[in-house]
Protein chains: 2
Amino acid sequence: MKRPTIRDIARAAGVSPTAVSFALNGKNGISEATRERILNAANAMGWAPNPVARALSISRSHAVGLVIPRPKSAHSSERFFFHFMLGLQSTLAGADLGLMTHMSTSEDDELEAYRKWWAQRRVDGVFVLDPRQDDPRDSLLHDIGMPAVFVGDVQAHSGAVLAQDAGMMRVIAEHLRERGKTSWAYICGRTSKTHIRLRVEALTAYAQAHGVHLQVVAETEFTEHSGYIETNRLLASQVVPQALIFENEILALGGIQALADNDMKPGRDVFVVSCEDSAICRIVTPAISAIDRDPSTLGQHAAQVMIDMLEGATPYTLQEGVPHLIVRASSAGNRD
Amino acid sequence: MKRPTIRDIARAAGVSPTAVSFALNGKNGISEATRERILNAANAMGWAPNPVARALSISRSHAVGLVIPRPKSAHSSERFFFHFMLGLQSTLAGADLGLMTHMSTSEDDELEAYRKWWAQRRVDGVFVLDPRQDDPRDSLLHDIGMPAVFVGDVQAHSGAVLAQDAGMMRVIAEHLRERGKTSWAYICGRTSKTHIRLRVEALTAYAQAHGVHLQVVAETEFTEHSGYIETNRLLASQVVPQALIFENEILALGGIQALADNDMKPGRDVFVVSCEDSAICRIVTPAISAIDRDPSTLGQHAAQVMIDMLEGATPYTLQEGVPHLIVRASSAGNRD
DNA sequence: CTGAAAGCGCTTACAG
DNA sequence: CTGAAAGCGCTTACAG
């Protein structure tokens, strides 16, 4: 009934606990024959390591942490979190690392969670979401010595994974140019966020290089209504855009509404593309073309950076691969 | 730099480690004066318990686990999981319990995760999602002695939290009757699932008690198309329903499409209500009335059952509170 | 190549 | 009311 310990298997194999520990951990100083005998005994007795005891010895918990910040405002990001976690777990599993999660209610709560996890040696490192410039969390984690991987932006002291913002815009741009669209508008939210700034820059550069007329509408709310308003405004402007790129699907929804009110058919008269995908894009009529972000891959990358850091690598940064545009009815026509 | 241990604070307070342990854990056998001296010393030195060491001593990990089953098919449930976890954490935090998560790729993987967590003493108990009748997981967990709380159905050996299926239908029924609707249709999916059977029963009972004409359309796919087909069929039937209750928002979407094709206005000519809420219900035109499931509360309840079980209570079952109907345009008119 | 021993930080019978 | 001691299961210098 009781689980076997290394003492038990030492007794069974007729060796010392030390030898067992060495054999089990693949250290040398054990003859091949002895090692085999020990491993057999361990298997026969169904031995599994007790990570708690191991953690107490070596001061490592074999778990990492993820705090999901400010869930009150995170409603639109549920899909992202879910698939990001999926990716994390799939590669953490390979390194036998568990994942602890915490949902924070405020930034203080988040910092407190890090301190507590670290003080209690509950986790060996953490993933940090929604980074911003000069993020205070980077300093805190560095000060207490806690390994961290930031998701979305580079930091001074921690590892990071980066989304492909420029690459994403390039994919959209190529799609539109391929379909003969030469006048675009990009309806993005506030450009204060790093990743949106990057997108604007990439799109602008592309447009200039290829003689495309581009209007950028910034400083909008992320609501259907503001997508509607801005689209109407664009349709009334001197150069009516042939393609509308929306920061997310909520804005795009408003845009489609505006097109309908102006008797324009999305996908025929004007192309519509969203930088963010969701069930809404699939279900709405017409379905909206959208970038498939694949947060799962981002999670896998983040996990890999963490694993390497825990094995002693200096913090480094990994780029997300080139994203993919799911072409739906809202931008499917007019190939020439 | 090094974290203080109970030895350190024992030395500082001039007592034995035993005394410190007793004082810190609020056991008696320590004079009030001594206890205070010890607590002061602990605070002054910034002592925090090392849960790993404690776990090794008392064989408890102070963490519980949640495995999210079969993520491949879980796309529609991301919102549920997210908010369920939110609820879990908010009450687990009060009991100082951490949460470990795992996403399983198959049922075998899930069972393996339980075994491993338990063998390694990583968690003290687990939450189990998507229960079905005679769930094999109940036996497994019982066999290995792992405390478990099932979410959605009662089990032979474990604790459980139950959704309010009957209550949900009653809320919808009252809303419809209040607005003068006396002929309804309920478009549900397969009735093989326990919770759908419960809903049908509750709705049927209510309709009979109040002289409402009710048609139940079962055995439909959970797709927009099948919502469309079934609604068209209902509109052509002898008794055209004045209100359509859809199992989820995807079916409802198809229903609204069918109404539009028949020149009927949802919310005026025919009421539409969905048993499942999501961004889609808010965003579509007209917005769809829907039950606000609040998976977060369900999570809080589940956590409470777990906490009690870990403190020695026999497994018990908790009912979710009465759900709330969010009334939107699709069923807002005709009050009389 | 191998074993006896101390230690990780806490808890808990057991003696005083 | 209090302390010395053993133990949880593993790791790792240290001696042979």
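Worth saying up front: this structure is predicted, and the values here are computed from it rather than measured. (Residues numbered from 1 in each chain as written. Chains lettered and ligands numbered in written order. Predicted model: local features only at pLDDT ≥ 70, side-chain atom pairs only at ≥ 80, totals over all residues. Heavy atoms only, no water.)

Student: Just give me the short version of the protein's contact with DNA strand C, but keep the residues and values in it.
Tutor: Around DNA strand C, the structure places 25 residues, and the nearest of them are A:Thr18, A:Gly29, B:Ile6, B:Ser21 and B:Ser57. Within 4 Å of the protein, the contacting atoms of DNA strand C are drawn from sugar and phosphate to the extent of 60%. One of the side-chain nitrogen or oxygen atoms of B:Ser21 is found 2.8 Å away from a phosphate oxygen of DNA strand C. One nitrogen or oxygen atom from the main chain of B:Asn50 is found 3.4 Å from a phosphate oxygen belonging to DNA strand C. Element by element, the count of residues in the surface near DNA strand C is highest for helix α4 (residues 51-58) of chain B, at 4 residues. (Near = heavy atom within 4 Å. Polar contact = N/O pair within 3.5 Å; in protein donor to acceptor, adjacent residues only side chain to side chain. Helix = DSSP H or I, 4+ residues; strand = E, 2+ residues; numbered from the N terminus.)

Student: Describe in detail the domain arrangement of chain A, supporting the description with residues and values.
Tutor: Residue and element names in this part refer to chain A. By domain assignment, chain A separates into domain 1 (6-49), domain 2 (63-163 + 296-321) and domain 3 (165-293). On a C-alpha basis, the centroid separation for the pair domain 2 and domain 3 is 31 Å. Residue-level contacts link 5 residues of domain 2 with 6 residues of domain 3. When domain 2 packs against domain 3, the two sides together hide about 540 Å² of surface, and 31% of this comes from carbon and sulfur. Three residues stand out in domain 2 for area buried against domain 3, namely Arg79, Ala163 and Glu320, and they jointly supply 64% of the buried area on that side. For the pair domain 2 and domain 3, the number of links is 0 salt bridges. Inspection of the region where domain 2 meets domain 3 yields 1 residue pair in polar contact (both at pLDDT 80 or more). Residues that form the side of domain 2 that touches domain 3 fall into these classes: 1 nonpolar, 1 polar and 3 charged. (Domains from an automatic or database assignment. Contact = heavy atoms within 4.5 Å. Buried area = accessible area lost by both parts, 1.4 Å probe. Salt bridge = Lys/Arg side-chain N within 4 Å of Asp/Glu carboxyl O. Nonpolar A, V, L, I, M, F, W, Y, C, P; charged D, E, K, R; others polar.)

Student: Describe the packing of aromatic side chains, and please don't skip the residues or the numbers.
Tutor: By the definition in use, this model includes 8 aromatic pairs over all chains. Summarising the aromatic geometry, the rings of A:Phe80 and A:Phe84 are spaced 5.7 Å apart at their centres and angled 10 degrees between planes, so their arrangement reads as stacked. Of the two residues, A:Phe80 and A:Phe84 are both situated in helix α5 (residues 78-94); the distance of 4 residues between them amounts to about one turn of the helix. Taking relative accessible area as the criterion, A:Phe80 reaches 22% and is therefore assigned partly exposed. A connected cluster of aromatic rings, assembled from ring pairs, spans A:Phe80, A:Phe81, A:Phe84 and B:Phe82. Sitting over the ring of B:Trp118, B:Arg121 keeps its end group 5.2 Å from the ring centre. For B:Lys181, the ring lying beneath its charged end belongs to B:Phe271, and the centroid distance is 4.3 Å. (Phe/Tyr/Trp six-rings, centres within 6.5 Å; stacked < 30°, edge-to-face > 60°. Buried < 20%, exposed > 50% of the residue type's maximum accessible area, 1.4 Å probe, protein only. Lys NZ or Arg CZ within 6 Å of the ring centre and 35° of its normal.)

Student: Explain the interface of chain B and chain A to me, and be specific about the residues and the numbers.
Tutor: Taken together, the contact between chain B and chain A spans 42 residues of the former and 42 residues of the latter. Interface area for chain B against chain A, summed over the two sides, is near 3700 Å², with a carbon-plus-sulfur share of 64%. On the chain B side of the contact with chain A, B:Phe82, B:Met103 and B:Ile283 bury the most area, a combined 17% of that side's loss. Here chain B and chain A share 2 salt bridges between them. Residue B:Asp96 pairs with A:Lys116 through a salt bridge whose shortest N-O separation is 2.8 Å. Taken together, the connections running from chain B to chain A amount to 11 residue pairs in polar contact (both at pLDDT 80 or more). Secondary-structure elements contributing two or more residues to the side of chain B that touches chain A are α4, β1 (63-68), α5 (78-94), β2 (98-103), α6 (107-119), α11 (249-261) and α12 (279-283) of chain B. In terms of residue count, the dominant contributor to the side of chain B that touches chain A is α5(B) (8 residues). In terms of residue class, the side of chain B that touches chain A is built from 23 nonpolar, 11 polar and 8 charged. Strand direction decides the pairing type here: strand β2 (residues 98-103) of chain A and β2(B), joined by 3 bridges, are antiparallel. Across the sheet, A:Thr101 pairs through a bridge with B:Leu99, a residue of β2(B). (Pairing = 2+ DSSP bridges.)

Student: Let's hear about the sheet that holds strand β6 (residues 183-187) of chain A: which residues, and what values?
Tutor: All names here are of chain A. Spatial ordering of the open sheet is given by β7-β6-β8-β9-β10-β12, a layout of 6 strands whose pairing is mixed. Two strands close off the open sheet at either side, each with one partner strand: β7 (213-217) and β12 (324-326). The sheet shows a mean angle of 20 degrees between the axes of neighbouring strands, direction not considered. (Axes fitted to C-alpha atoms, helices over the stretch in contact; angles between N-to-C directions.)

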